[in-house]
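Structural overview for review
Each chain is listed here by its residues.
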Amino acid sequence: MLHELFSPSVQHALDLAGIFVFAISGALLAVRKNFDVFGIAVLAEVTALGGGLFRDLIIGAVPPAAFTDLGYFVMPLVATALVFFLHPEVERIQLGVNVFDAAGLGLFCVTGTIKAYEYGLSLTSSAVLGLATAVGGGVLRDVLANEIPSLVRWDRDLYAVPAMVGATMVALCIQWDVLNTATGALAVVTAFSLRLLALRFHWRAPRAWNRRSSTAEEA
Amino acid sequence: MLHELFSPSVQHALDLAGIFVFAISGALLAVRKNFDVFGIAVLAEVTALGGGLFRDLIIGAVPPAAFTDLGYFVMPLVATALVFFLHPEVERIQLGVNVFDAAGLGLFCVTGTIKAYEYGLSLTSSAVLGLATAVGGGVLRDVLANEIPSLVRWDRDLYAVPAMVGATMVALCIQWDVLNTATGALAVVTAFSLRLLALRFHWRAPRAWNRRSSTAEEA
Amino acid sequence: MLHELFSPSVQHALDLAGIFVFAISGALLAVRKNFDVFGIAVLAEVTALGGGLFRDLIIGAVPPAAFTDLGYFVMPLVATALVFFLHPEVERIQLGVNVFDAAGLGLFCVTGTIKAYEYGLSLTSSAVLGLATAVGGGVLRDVLANEIPSLVRWDRDLYAVPAMVGATMVALCIQWDVLNTATGALAVVTAFSLRLLALRFHWRAPRAWNRRSSTAEEA
């Protein structure tokens, strides 16, 4: 069975890890925006579960995993407690957060693509939905925080591309019938590494042509 | 049958009342933001129906009640007309709006939890979804009005906690098999009263620890 | 069969055309907001597919057409490429964009209403959902761009009313059992023409009564 690309318990542990690190990023933004403790919890939950929720609604997997697995719901609350009491320390380990977030991105783009394919979507649609799973939570986080999603801002390091590469690799593996633990893990690691490289070398995507040298309408 | 906690006609009347008062709050925000009459109607509909719509999508109850019961759709239009012609009077009775809104909050967290449980969610997930039903419309209202959701702002009186308490009471009643009209009504009244007390005494939730005495990044 | 109001291939071509012009409007806003190339693609996709996605989730048509028809997904990428390389030219032909966007509005309010009715919604609900199909993508576009949706702003020319008229015409045709290619096309053309007239003569909707002569809280 495709979904058991990784053993179920490993898969579940990785899912929880991905949820946890995404929740940390949501909670930290909430602290920066001066939200109260419930606001921190809301943003942590939305960031961690939003992408998967969107995917599950699209493929008709209702109720979504976020509402059937208690661990998925509790993990962001743990992240909230951690950030609430320790946030200066957490911010200091921003590097660590970035690394974990990159790991979540790599994992979610792969598992999202596989789950979508199992629910009968075409390979292209599955890869697109895998990408949406990986980046959706962050977009919802930024919308709730009343900011332009960092996904679409030109002055942020590449985020979509690593997930796109990972999702595409999985789709190609399915196409060629070579998806297994090794190739799946390779896709995760590739997306993860590309994101880290983008952060390290500040890789950015171009803006529309004539914009590049002009002054921006807004920063 | 659980959902007939209250008699169907009473339940329906209470639903419409909750929808109406939530719609008023959406319409008033639209007037303050200087929206045109369609904008007022859109914000009234979204505020009143958004929470239930989200719940119904999650539990797979499609088409959602908002699209099968004409009254659910018409009620916000009535609220729109009222606010459109009378809004200074409506604002003057802000106290009344707050009271009705608190009643809607109490009712929706209870009926939302029950409906989610009937669709097979666990007790914890049902309570979470009951909470989301009660607060979801307000979040969508604020997102469309391009504001930070008042749900997550530290400088607003407690809103989530009363709904959380009401939803939890219902879940515990189901767990202990003592959910009936009396205990259901008690949960509604408890959530309702807590919200009124929060408004009266300006109860607020704490922000993250070291933030409390620091200047905020933004108000 | 109702949905084959137009022949399938004509219907599909019209759908793609509507998606394309909506995508252009999303991509242009993204350029104005200084998004990078992925941001342009995201906004193009969301604007073009958001309304139909919402409709399909509501009526339970999962996975939504946007994820089963590759052309629906590719069209916004074509629009993105066009805007990316040629955007000053595209902006210069803003009139053309407005005309195409009006055509998309007219078409989507009609096909959205028909599809909703086929999935068992009442006539009123179908018309409401047809309206939501036509305007939903634009609302999501503005939310992601962190702006107040132009749908609800008083200082924009009428947008909802033409779609409302078109959707209502279709609902009445179904009611009176006179829906056919001619009457369906008439509804499309009516909505289309009303939107063009609104643009030409700057028709606007009123704001709440006492607001009309007062200074606005915000522009």
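No experiment lies behind these values; they were computed from the predicted model shown. (Residues numbered from 1 in each chain as written. Chains lettered and ligands numbered in written order. Predicted model: local features only at pLDDT ≥ 70, side-chain atom pairs only at ≥ 80, totals over all residues. Heavy atoms only, no water.)

Residues and elements named next belong to chain A. Per the UniProt record, "transmembrane region" (unreviewed entry) is found at residues 12-31, 38-58, 70-87, 99-117, 123-145, 157-178 and 184-203. Measuring from the first to the last C-alpha atom of residues 123-145 gives 33 Å, for a span that is 96% helix and 0% strand. As annotated, residues 157-178 has a helix share of 73% and a strand share of 0%, and its two end C-alpha atoms lie 31 Å apart. (UniProt positions renumbered as here; feature names shortened; annotations may be inferred. Helix = DSSP H or I, 4+ residues; strand = E, 2+ residues; numbered from the N terminus.)

Okay, the UniProt feature "domain: Glycine transporter" (unreviewed entry) in chain A next. Residues and elements named next belong to chain A. Per the UniProt annotation, the sites labelled "domain: Glycine transporter" (unreviewed entry) are residues 13-87 and 99-173. Split by type, residues 13-87 is 81% helix and 0% strand. Its first and last C-alpha atoms lie 24 Å apart. Within the segment residues 99-173, helix and strand shares are 75% and 0% respectively, and the terminal C-alpha atoms sit 26 Å apart.

Below, the discussion takes up the pattern of salt bridges. All names here are of chain A. Applying the stated criterion across every chain yields a total of 15 salt bridges over all chains. For Arg141, the salt bridge identified is with Asp142, shortest N-O distance 3.0 Å. Comparing Arg141 with Asp142, the two get one shared label, buried. (Salt bridge = Lys/Arg side-chain N within 4 Å of Asp/Glu carboxyl O. Buried < 20%, exposed > 50% of the residue type's maximum accessible area, 1.4 Å probe, protein only.)

With that settled, consider the interface of chain A and chain B. Contacts between the two partners involve 28 residues from chain A, matched on the other side by 34 residues from chain B. When chain A packs against chain B, the two sides together hide about 2700 Å² of surface, and 68% of this comes from carbon and sulfur. Looking only at chain A, the three residues that lose the most surface to chain B are A:Asn34, A:Phe38 and A:Phe67, adding up to 26% of its buried area. At the junction of chain A with chain B, the criterion picks out zero salt bridges. Here chain A and chain B share four residue pairs in polar contact (both at pLDDT 80 or more) between them. For the side of chain A that touches chain B, the elements supplying multiple residues, two or more each, are helix H1 (8-32), helix H2 (37-59), helix H3 (70-92) and helix H5 (123-144) of chain A. With seven residues, H2(A) is the single largest residue contributor to the side of chain A that touches chain B. Across the side of chain A that touches chain B, the residue classes break down as 20 nonpolar, five polar and three charged. (Contact = heavy atoms within 4.5 Å. Buried area = accessible area lost by both parts, 1.4 Å probe. Polar contact = N/O pair within 3.5 Å; in protein donor to acceptor, adjacent residues only side chain to side chain. Nonpolar A, V, L, I, M, F, W, Y, C, P; charged D, E, K, R; others polar.)

Attention now goes to the nonpolar core. A:Phe67, A:Leu129, B:Phe67, B:Leu129, C:Phe67 and C:Leu129 are the most contacted members of the largest nonpolar core, which has 206 residues in total. Contact partners of B:Phe67, with chain neighbours within four places excluded, come to B:Leu53, C:Ile58, C:Leu121, C:Ser125, C:Val128 and C:Leu129. (Core = buried A, V, L, I, M, F, W, Y, C linked by side-chain atoms within 4.5 Å.)

Between the first and last C-alpha of helix H6 (residues 160-175) of chain B there are 22 Å, a value that for 16 residues agrees with the 22 Å anticipated at 1.5 Å per step. When H6(B) is considered as a whole, its buried residues turn out to be B:Ala160, B:Pro162, B:Ala163, B:Gly166, B:Ala167, B:Val170, B:Ala171, B:Cys173 and B:Ile174. (Expected span 1.5 Å × (residues − 1).)

Our next topic: the relation of the copies chain B and chain C. A rotation about some axis, followed by a shift along it, carries one copy of the chain onto the other. When chain B is fitted to chain C, the best match, at an RMSD of 0.0 Å, comes from turning it 120 degrees and sliding it 0.0 Å along the axis. Each copy turns onto its partner about a three-fold axis. Considering only C-alpha atoms, the residue of chain B closest to the rotation axis is B:Asn146, which sits at 3.9 Å. Comparing interface residues between copies, only 11% of those in chain B also lie at the interface in chain C; the contact surfaces differ. (Least-squares fit on C-alpha atoms with pLDDT ≥ 70 in both.)

Applying the stated criterion to the full structure yields zero disulfides over all chains. B:Cys109 supplies the cysteine sulfur nearest to B:Cys173, a cysteine that is in no disulfide, at a spacing of 12 Å. (Disulfide = S-S within 2.5 Å.)

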